[in-house]
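Topology and contacts: notes
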Amino acid sequence: MKKSMENIGSGQAQNQPENTARRQFMVGSAAAGGGLVLGMHLPFEIAPGIAPAAAQGAAASEINLWVVVRPDETCVIRIARAEMGQGTLTGLAQLVAEELECDWSKVATEQITPGQNLARKRAWGDMSTSGSRGIRQSHDYVRRGGAAARTMLLQAAAEEWKVPVGELSVANGVITHAGSNRKTSYGKVATAASKLTAPDPKSITLKPIKDWKIAGKPLRRIDGTMSKLNGSKVYAMDVKLSGMLHATVRECPVFGGRLVSFDDSKVKGMPGVKKVFRLNDITVAVVADTWWRAKKAMDALPVVWDEGPNAKVTSASIDAHLRTGLTSDDAFADINTGDAIKAIAAAPRKVEAVYRAPFTSHTTMEPMNCTVRLTADKAELWIPTQSAEASMAVLSSSSGMPLDKCEVYAMDLGGGFGRRIGSQDVVRQGVAIAREFPGVPVKMLWTREEDQAHGLYRPIAMARLSAGVDAQGKLAGLHVRVSGQSINAFANPAAIKEGRDRRQLQGLWDTLEGDAQIGYTHSNLRTEYAMRNTHLPVGPWRGVNTNQNGIFLECFMDEVAKLANRDPLEFRRELMSERPKHLGVLNAVAEKSGWGKPLPKGVFRGIAQFMGYGSYSAAVAEVSVSGKGEVKVHRMVFALDCGNYVNPDQVAAQIEGSVAYGMTTLHSEISVDAGRVVETNFHNFRVMKIAEMPKVEVVLPVTGDFWGGVGEPTICVVVPAILNAIFAATGKPVHNLPLSKQGLTLV
Amino acid sequence: MFQLNINGRVHKVDAEPDTPLLWVIREQVGLTGTKYGCGVAQCGACSIHLNGEVVRSCLLPVSAVKPGDRIVTIEGLSRDSSHPVQKAWAELDVAQCGFCQSGQVMAAAALLRKKPKPTDKDIDEAMSNICRCGTYHRIRAAIHRAAGTKTAAADVATDAGNTTV
Ligand code: FES
Ligand code: FES
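Computed from a predicted model, the values in this text were never measured in an experiment. Note on numbering: residues in each chain are counted from 1, in written sequence order. Labels are handed out in written order, letters beginning with A for the chains and numbers beginning with 1 for the ligands. Local features are withheld for residues below a pLDDT of 70 in this predicted model, meaning they are given only at 70 or higher, and side-chain atom pairs are given and counted only at 80 or more; totals for whole chains, interfaces and linings count all residues. Side-chain metrics rest on all non-hydrogen atoms present in the structure, leaving aside hydrogens and water.

1. A few points about the overall build of chain A
Counting from the N terminus, the helices are DSSP H or I runs at least four residues long and the strands are E runs at least two residues long. Looking only at helices and strands, chain A has 16 helices and 30 strands in total. The globule rule is 2.2 Å times the number of residues to the power 0.38, and the radius of gyration it is compared with is taken over C-alpha atoms. Relative to the compact-globule value of 27 Å for 747 residues, chain A shows a C-alpha radius of gyration of 28 Å, a close match. For chain A, the C-alpha atoms occupy an extent of roughly 80 × 80 × 50 Å along the three principal directions. Should any heavy atoms of two residues lie within 4.5 Å, those residues are considered in contact. In chain A, once contacts between residues fewer than 6 apart in sequence are set aside, the share between residues at least 24 apart is 75%. Carbon together with sulfur atoms contributes 53% to the accessible area of chain A, which is approximately 25,000 Å² in total. The distance from the centre of the 86 positive side-chain charges to the centre of the 74 negative ones in chain A is 2 Å. Only the protein chains shown count as cover for residues, and all accessible areas are computed by the Shrake-Rupley method using a 1.4 Å probe. When charges are tallied, Lys and Arg are placed among the positive residues and Asp and Glu among the negative ones, while His and the ends of the chain are skipped. Where a charge sits is defined by one atom per residue type, namely NZ (Lys), CZ (Arg), CG (Asp) or CD (Glu).

Encoded structure:
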């Protein structure tokens, strides 16, 4: 047995916390007799009230990929997706447990590592956790896994009793043969079950959703709730390994600049400093015996940068660049129904507006970090990652160690929001640092300032929208031109086909393909995108391009409704007859919020609907605006149709979270001066706090005929609903964010 | 060498005098429940109790702590996770990623010690910790639950779980 996690801290600890609860991962093969222990210790969180899966490892039986049963009746459900607070772990366990018919109070979970997945030819499927896919793209095979395990456990009991399996029943992990009045349990038949041939998962009929008892219910989370409240949960930032060193890095603050030199004579003699070195052409690293000492040395280190060609870029110059895309002829049209431009020109009344949605940053609460240990025959990585497999690929490519000699311990994330999926930039840095200390684990942790300065920002975008209204007060035509930075151009150029980067029009697509369909149809409709890239790196940010496009379309819709002298809800409904699901959530939120009913004096409503990640969202915000421009959001009501709900309370939690994450963009942007990011920490990147948080209510209309995402869909209606309420209150549309650009403040 | 009373135990630590208490707690004493989130006293992830007052430990130099001072970290808030704040938080499933929650719990526990029946305004003023997952809504409800106060806002989290099934 090889230890891969230790609990030895540096210094004079006298009451070292038991902060690295270990468990043993069972990698067995049913064909080989089950319970074959490969003996891998992983740092892992054990949920309260659930016995650790570690103990009695040798006696535990792997029934199949998803289910391990222990003699004490614990059902260990394996999870291949990342948990970053979004609740996917609990939801996936509910789905397996539902089909398994086990006792929910005896469920424990364990995380698959990418090394284990690779060793079994990716039997656990895709491990990446982004695009709100954790449940909607794995619900079917995990349920089949739970059902197959149940079948095998029942078969084992039937063989032991020599009765037809059809005569058995099971509930809460207890198997009953009514005819002979015999009972047994999963824990007792697990060893025999693990030796049976697994049924073909496709032969299994899943339970009708209406019969669900565990899935679909608002059960409490099982990802270690109390450990998050008593300090015992180990995040990657908390990992402790024997002999571990600590590092911090500084990359050229101007993207596209270079590291020229640094004067390490000033810091070499500082306490604890082990090494100051050029990590690559753009980055300097300091390694010390504690992180604080590494950081202090980094702060004192004189560094000379060549700031390169972007040193004069400012937010104003970026805006000017984007503005050229609002009227240029290099755009492509995506939806082009009828002749919107002609119809608008011919309409008796018209309106045009230019909107701007700035860059913003993920700012996960846990700053970027990872720990790497490179030995002669192994590369190991501890990291909060949304894609353990992508992390392992980069661990391998940057260390030169073949994949089968790499392992990644994917720790639950202190926030992801899209930052920890794509480039795996910290892995490259972590490996480069660990190379300098063969055999020694080195933990690299960014300062918050580094985290703000080197994000993968939500791309900046502008839009010019125009519309005409006919004599009857109906929409005559709508033209949407988006100009802004492309995520694909930065991160995945191959996804851009024939120069048309449709991804930047997410939420404005005319078909369901891509899971983000526009909610309106019209005989004169045109959507366009002109690519205007900047020197900032960009990436997916919770909700991705539905954020900007939701603001553009839904806020402008209120401007058009006002021009037509129509109620914004009524005006939208008229355009949605071919979009029943979009209309469904709009109607549900209108009803729940009491749309049209009187409000307290000074309070105004705004409404918005949009689609993303296969789910339909709508929101109503109730807002007041003081004479001094203080914006107070009192209440928000949401309707989300994600088809099926695995845990409605966690769906509600994700909606509540999307409110706070979205509303922060009313406070703050990522702006650029002298080529670098201006907002370096929370003092100038103002994040929404409890005092600004509105009351949130949620309605979940059940349609049940599809599976949509949950973590991302609702954020795209948060800001437009609020901005529309501000428009209703002030008569002035909000065209630019953050609110301070229009003399408003969120209170 | 500094002598620190943390969670009722005395620790002798060797650190430069300007080392923030946060890093002494995390790296020398080995208690990692107290988090680093900003280092500039803005986010509250590093909140601890110093003589019963909630303090952000990331800017407090270890040399400013007197030998008689009592430091309590999240690990020492209760012996068995039974503090009313911890219980209320668990009952309402407040935590999402959980990274900010050590600080949130310490701030709420300090608030309730001072004001056993806090109003929403008291909560707004005392709870300036940042949560990027956006658990604010349930934090408010959980504080009211722990305090036994019932306000309109306190209903929120339980309402939110309701569906029109
Ligand atoms: S880490 Fe101390 S307040 Fe943020
Ligand atoms: S729970 Fe994730 S930051 Fe608060």
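2. Looking at the domain arrangement of chain B
Residue and element names in this part refer to chain B. In this document the domain limits rely on a domain assignment from an automatic tool or a database. Looking at the assigned domains, one finds that chain B contains domain 1 (2-76) and domain 2 (84-160). Put simply, the middle of domain 1 and the middle of domain 2, counted by C-alpha atoms, are 23 Å apart. Each partner contributes residues to the interface: domain 1 has 17 residues there, and domain 2 has 14 residues. Summed over both partners, the accessible area lost on bringing two parts together, with a 1.4 Å probe, is the buried area. Note on domain 1 versus domain 2: buried area summed over both sides is about 1,200 Å², and carbon and sulfur give 57% of it.

3. So, the packing of aromatic side chains
Classification of ring pairs uses Phe, Tyr and Trp, with its six-membered ring standing for Trp, and accepts pairs whose centres are within 6.5 Å; under 30 degrees between planes counts as stacked, over 60 as edge-to-face, and the remaining range as tilted. Summed over all chains, the structure comprises 13 aromatic pairs over all chains. Centroid distance A:Tyr355 to A:Phe552: 6.4 Å. Interplanar angle 55°. Geometry classified as tilted. Here A:Tyr355 is found in strand β16 (residues 349-357), whereas its partner A:Phe552 is found in helix α12 (residues 546-563), with 197 residues between them in sequence. A:Phe552 matches A:Tyr355 in its accessibility class, with the two residues each being buried. Taken together through their ring pairs, the aromatic side chains of A:Trp291, B:Trp23 and B:Tyr36 make up a single cluster. Whether a charge sits over a ring comes down to the Lys NZ or Arg CZ being within 6 Å of the ring centre and within 35 degrees of the ring normal. If you follow A:Lys233 out to its NZ or CZ, it ends over the ring of A:Tyr235, 5.8 Å from the centre. A:Arg458 extends its terminal NZ or CZ atom over the ring of A:Trp541, reaching a point 4.8 Å from the ring centre. Categorising residues by exposure relies on relative accessible area from a 1.4 Å probe, with only protein chains included: less than 20% of the type maximum marks a residue as buried, more than 50% marks it as exposed, and the intermediate range marks it as partly exposed.

4. Things to note about empty space enclosed by the protein
If a probe as big as a water molecule is rolled over the atoms, it shows which places are left empty. All names here are of chain A. Cavity: a set of points on a 1 Å grid over the protein atoms alone where a 1.4 Å probe fits but cannot get out. Pocket: an open set with protein on both sides within 12 Å along at least five of seven lines, its lining residues, like those of a cavity, having an atom within 4 Å of a point. Grid points are joined across faces, edges and corners, and a volume is the space filled by probe spheres set on the points. Counted according to the given criterion, the structure contains 11 cavities of 30 Å³ or more. Approximately 60 Å³ is the volume found for the largest cavity. Lining the largest cavity are Met368, Ile383, Pro384, Arg419, Arg420, Ile421, Ser423, Gln424, Asp425, Val426 and Leu456. When contributions to the lining of the largest cavity are tallied by element, the ones reaching two or more residues are β18 (378-384) and α9 (425-435). In this count, Pro and Cys sit with the nonpolar residues alongside Ala, Val, Leu, Ile, Met, Phe, Trp and Tyr, while Asp, Glu, Lys and Arg are called charged and the others, Gly among them, polar. When grouped by side-chain class, the residues that make up the lining of the largest cavity number 6 nonpolar, 2 polar and 3 charged.

5. Considering the sheet that holds strand β3 (residues 47-50) of chain B
Residue and element names in this part refer to chain B. What the 5 strands build is an open sheet, ordered β2-β1-β5-β3-β4; its pairing is mixed. With partners counted over all chains shown, the strands left at the sheet margins are β2 (9-13) and β4 (53-56), one partner each. Between one strand axis and the next, the sheet turns by 40° as a mean value, whatever way the strands run. Any two strands with at least two DSSP-identified bridges between them are counted as paired. Across 4 bridges, the pairing between β3 and β4 is antiparallel. For every element, the axis is a line fit to its C-alpha atoms; helices are fit only across the contacting stretch, and the angle between N-to-C directions ranges from 0 to 180 degrees.

6. Comments concerning the interface of chain B and chain A
Chain B puts 67 residues into the contact, and the matching count from chain A is 77 residues. For the pairing of chain B and chain A, the buried interface totals around 6,100 Å² over both sides, and the portion due to carbon and sulfur atoms is 55%. When a carboxyl oxygen of Asp or Glu lies within 4 Å of a side-chain nitrogen of Lys or Arg, that pair is called a salt bridge. The interface formed by chain B and chain A holds 7 salt bridges in total. For the salt bridge of B:Arg138 with A:Glu656, the shortest nitrogen-to-oxygen distance reads 2.7 Å. Pairs of N or O atoms within 3.5 Å make up the polar contacts considered here, provided that, within protein, one atom can donate a hydrogen while the other can accept it, and that residues adjacent in sequence are counted only when both atoms are side-chain atoms. Along the contact surface separating chain B from chain A lie 30 residue pairs in polar contact (both at pLDDT 80 or more). Only β2, α1 (21-29), α2 (84-91), α3 (101-114), α4 (120-126), α5 (136-147) and α6 (156-160) of chain B provide two or more residues apiece to the side of chain B that touches chain A. Classifying every residue of the side of chain B that touches chain A by side-chain character gives 30 nonpolar, 21 polar and 16 charged.

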